[in-house]
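Commentary on secondary and tertiary structure
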Amino acid sequence: MPQYQRPTGTLDILPEEQPYWYHVRSRARHLAELAGFERMDVPIFETTEVFARGVGAGTDIVDKEMYSFEDKGGSPITLRPEFTAGIVRAYIENGMHVRSQPVKLYTFGPIFRYERPQAGRYRQHTQFNVEILGEQDPIADLEVMLLAWDLYADLGFRDLAFQLNSTGCPQCKPQYVSLLKAYYDERYAQACDDCHRRLERSPLRVLDCKSKQCQPIIAAAPHIADHLCPECEAHFAALRQYLELLERRYTINHLLVRGLDYYTKTVFEVWAAGIGAQSAVCGGGRYDGLAELLGGPPTPGVGFGSGMERIILVMQELDVEAPPIPSPAVFLVHLGAPAKRKALELTYALRTEDVSAWISHGDRGLRSQLREAGKRAAHYAVILGENELASGVASVRDMEAGEQVDVQLSDLVTWLKEHVRGRLSVPNTSR
RNA sequence: GUGGGUGUGGCCUAAUGGUUAAGGCACCUGGUUGUGGCCCAGGAGAUUGUGGGUUCGAAUCCCAUCACUCACCCCA
């Protein structure tokens, strides 16, 4: 029974799980940069107000899921429950509106929400986040969506399709909301208790209620897509056209309304199996009013967040393997104190030449050391004992072939470097 | 916040209420002078999540608590 356990809803990511993380991060980074997105990192915590205003009082995230506290100076601080509000704050604070617009940004990092954990849901999870700021053209919506799509396709996801909807703008959304409320007023008694609460707090959410009794009501409810203003209508139509042009499958989902207050026009998700009752690996949309809400210049924006843990769960569900992290190129075996000193010198000489090298720790028998070399899947074991030191020749054992050759100690580093070249590359590690 | 399920060495699993809680994987050490993987032998590792209770006796029954897990709410 361990004395200390990790806090509820957090994850230890062990070495054997790292290949997935390396791979997803490295592909995401590659594809983002290929599409002209630049990396920008923002703090893990912000002044509470950034999220309270940005995400919106009344949302579950703000009302009951934030990790908020006062720091030692008494400032209200919140661990970020999502990326967008912080990114927009940074855009404003750093005067990024004076750069060539749009600004295309991506980042990775931990996100915190106080929720009851379940399959595919954690209190600390990691998101890959992408935003385009300063562009109202629906081509920006398309660009962020394509990046999500291309990443999942690259990672081996099958049967991709976007869930797509438009939630209108301050012009047309309120009218639709009144329409929907009026519709529900007539059926109030048939709706479930949760929906009664939703009608007060965030009326659009009644549309994705799962209770059986609400299904008939939902099925006949008016669609927001039929009540968009001409501008939103045109935006939505253009986006759909682009998606069709590029043959990215999508489903218009009239029930897709995302939980955060700031969404305008486009909202989308990508669904996948293998993440428990959760369906979305990716969720995002447009937030044209957010920058102003946070005190900045009017700046349209569109982006998405994608949960890394969920991506990896889906990959595992699909039996997608991640490229392994290379094992050591050379394992140095030594017998006797003088040989140990020589082995130590060689180890560091190899590492200086970018050849990964393990030196056997302790003072054990040859058998035991070779056993370890095998277990660590080293490509070569270099054996140094009294004989080798005396003759100036090391025994170099190819662990896979089980064959052994003699190599002059003076040539050893060069010889290993030659033989190891091309077999190994240490993967890029980004946070 | 609500509801269901589950807690036995690092991992997986066994033990009709009855001796020192058993096995497998993994780990460590050996198997004649200095050669890995297979095999063989040995070793280390558990107050059965925790705290109470019932009982002559509890891993086993009861209560509480904590954790994990699944689902709801909500979300990536």
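Residues numbered from 1 in each chain as written. Chains lettered and ligands numbered in written order. Predicted model: local features only at pLDDT ≥ 70, side-chain atom pairs only at ≥ 80, totals over all residues. Heavy atoms only, no water.

1. Here's the deal with the overall build of chain A
Across its full length, chain A holds 15 helices and 16 strands. Taking 22 Å as the expected radius of gyration for a compact globule of 431 residues, we find that chain A reaches 28 Å, considerably beyond that expectation. Viewed in the frame of its principal axes, chain A has a C-alpha envelope of about 95 × 50 × 50 Å. Partitioning the intrachain contacts of chain A with sequence separation of at least 6 by distance along the chain shows that 69% fall at a separation of at least 24. When the accessible area of chain A is evaluated, it comes to approximately 21,600 Å², of which 50% is carbon and sulfur surface. One way to put it: in chain A the 47 positive side-chain charges average out to a point 4 Å from where the 56 negative ones average out. (Helix = DSSP H or I, 4+ residues; strand = E, 2+ residues; numbered from the N terminus. Rg over C-alpha atoms; globule rule 2.2 N^0.38 Å. Contact = heavy atoms within 4.5 Å. Areas by Shrake-Rupley, 256 points an atom, 1.4 Å probe, with all protein chains shown as cover. Lys, Arg positive; Asp, Glu negative; His and termini not counted. Charge placed at Lys NZ, Arg CZ, Asp CG, Glu CD.)

2. Description of the side chain of Asn129
With respect to the secondary-structure elements, Asn129 resides in strand β6 (residues 124-133). On the accessibility criterion, Asn129 (2% relative accessible area) is buried. With sequence-adjacent residues up to four places away left out, Asn129 is seen in contact with Phe83, Thr84, Ile87, Leu105, Tyr106, Thr107, Phe304 and Gly305. (Buried < 20%, exposed > 50% of the residue type's maximum accessible area, 1.4 Å probe, protein only.)

3. Observations concerning the protein's contact with RNA strand B
Residues in close proximity to RNA strand B total 50 residues, the closest being Arg113, Arg121, Arg205, Arg258 and Met399. Of all RNA strand B atoms lying within 4 Å of any protein atom, the proportion belonging to sugar or phosphate reaches 50%. The side chain of Ser368 places a nitrogen or oxygen atom 3.2 Å from a phosphate oxygen of RNA strand B. Of the residues forming the surface near RNA strand B, the biggest block, 7 residues, is contributed by helix α13 (residues 366-375). Here the surface near RNA strand B is built from residues that sort into 11 nonpolar, 19 polar and 20 charged. (Near = heavy atom within 4 Å. Polar contact = N/O pair within 3.5 Å; in protein donor to acceptor, adjacent residues only side chain to side chain. Nonpolar A, V, L, I, M, F, W, Y, C, P; charged D, E, K, R; others polar.)

4. Quick word on the nonpolar core
Residues Phe128, Val144, Tyr152, Phe157, Tyr184, Val281 and Phe304 are the most contacted members of the largest nonpolar core, which totals 70 residues. Here this core takes 10 residues from helix α5 (residues 138-154), the largest share from any one element. Apart from residues lying up to four places away in sequence, Phe157 is in contact with Tyr152, Val281, Ile311, Val314, Met315 and Leu318. Core analysis: the next-biggest nonpolar cluster, separate from the first, contains 28 residues, Val50, Ala85, Met96 and Tyr262 among them. (Core = buried A, V, L, I, M, F, W, Y, C linked by side-chain atoms within 4.5 Å.)

5. Some words on the environment of Val50
Assignment of secondary structure puts Val50 in helix α2 (residues 48-55). A C-alpha to C-alpha distance of 35 Å links Val50 and Arg248, two positions 198 residues apart in sequence. Discounting chain neighbours no more than four positions away, the residues touching Val50 are Val55, Ala85, Gly86, Arg89 and Leu294.

6. Here's the deal with the sheet that holds strand β2 (residues 45-47)
Taking strand neighbours across the sheet as the criterion, the 3 strands line up as β2-β4-β3 in an open arrangement whose pairing is antiparallel. Each having just a single partner strand, β2 and β3 (67-70) make up the two edges of the open sheet. Pairwise comparison of adjacent strand axes, ignoring direction, gives a mean angle of 30° for this sheet. Relative to strand β4 (residues 76-79), β2 runs antiparallel, the two sharing 3 bridges. (Pairing = 2+ DSSP bridges. Axes fitted to C-alpha atoms, helices over the stretch in contact; angles between N-to-C directions.)

7. Some remarks on the packing of α2 against helix α4 (residues 84-93)
As a packed pair, α2 and α4 sit with axes 9 Å apart at the nearest point and diverge in direction by 110°. By the criterion of interaxial angle, the relationship of α2 to α4 is roughly perpendicular. Residues Val50, Phe51 and Gly54 of α2 form the contact with α4, whose own contacting residues are Ala85, Gly86 and Arg89. Across the contact of α2 with α4, the residue classes break down as 3 nonpolar, 2 polar and 1 charged. (Parallel < 35°, antiparallel > 145°, perpendicular 65-115°, else oblique.)

8. Some words on the sheet that holds strand β13 (residues 357-359)
With respect to topology, 5 strands assemble into an open sheet ordered β13-β12-β14-β15-β16, the strand pairing being mixed. Strands with a single pairing partner mark the edges of an open sheet, and in this sheet they are β13 and β16 (403-408). In this sheet, neighbouring strand axes are inclined to one another by 25° on average, regardless of whether the strands run parallel or antiparallel. Against the sheet, α13 contacts β12 (330-334), β13, β14 (380-384) and β15 (393-398), and its axis sits at roughly 170° relative to β12. Lying on the sheet, helix α15 (residues 412-420) is in contact with β12, β14, β15 and β16; it crosses β14 at an angle near 165°.

9. Describing the domain arrangement of chain A
The assigned domain composition of chain A is domain 1 (15-172 + 228-317) and domain 2 (330-424). Put simply, the middle of domain 1 and the middle of domain 2, counted by C-alpha atoms, are 49 Å apart. (Domains from an automatic or database assignment.)

10. Some remarks on the environment of Lys340
Checked against the element boundaries, Lys340 lands in helix α12 (residues 337-352). Measuring from C-alpha to C-alpha, the distance between Lys340 and Leu389 comes to 11 Å, with 49 residues separating the pair along the chain. If we skip the residues at most four places from it in the chain, Lys340 touches His334, Ile359, Gly362 and Asp363.

11. What to know about unusual backbone geometry
In this chain, Gln101 is followed by Pro102 through a cis amide linkage whose omega measures -5°. Within the secondary structure, Pro102 sits in the loop between α4 and β5 (103-112). In this model, Asp159 sits at a positive phi of 55°, which is unusual for a non-glycine residue. Here Asp159 shows up in the loop between α5 and β7 (162-166). Taking relative accessible area as the criterion, Asp159 reaches 70% and is therefore assigned exposed.

12. Digging into the side chain of Arg248
Among the secondary structure elements, Arg248 is positioned in the loop between α9 (230-245) and β8 (250-252). Looking at Arg248, its side chain comes within polar contact range of the side chain of Asp150, at 2.5 Å. Reaching out from Arg248, the side chain makes a polar contact with the backbone oxygen of Leu246 at a distance of 3.1 Å. In this structure Arg248 touches Leu146, Trp149, Asp150, Phe162 and Leu243, once residues within four positions along its chain are discounted.

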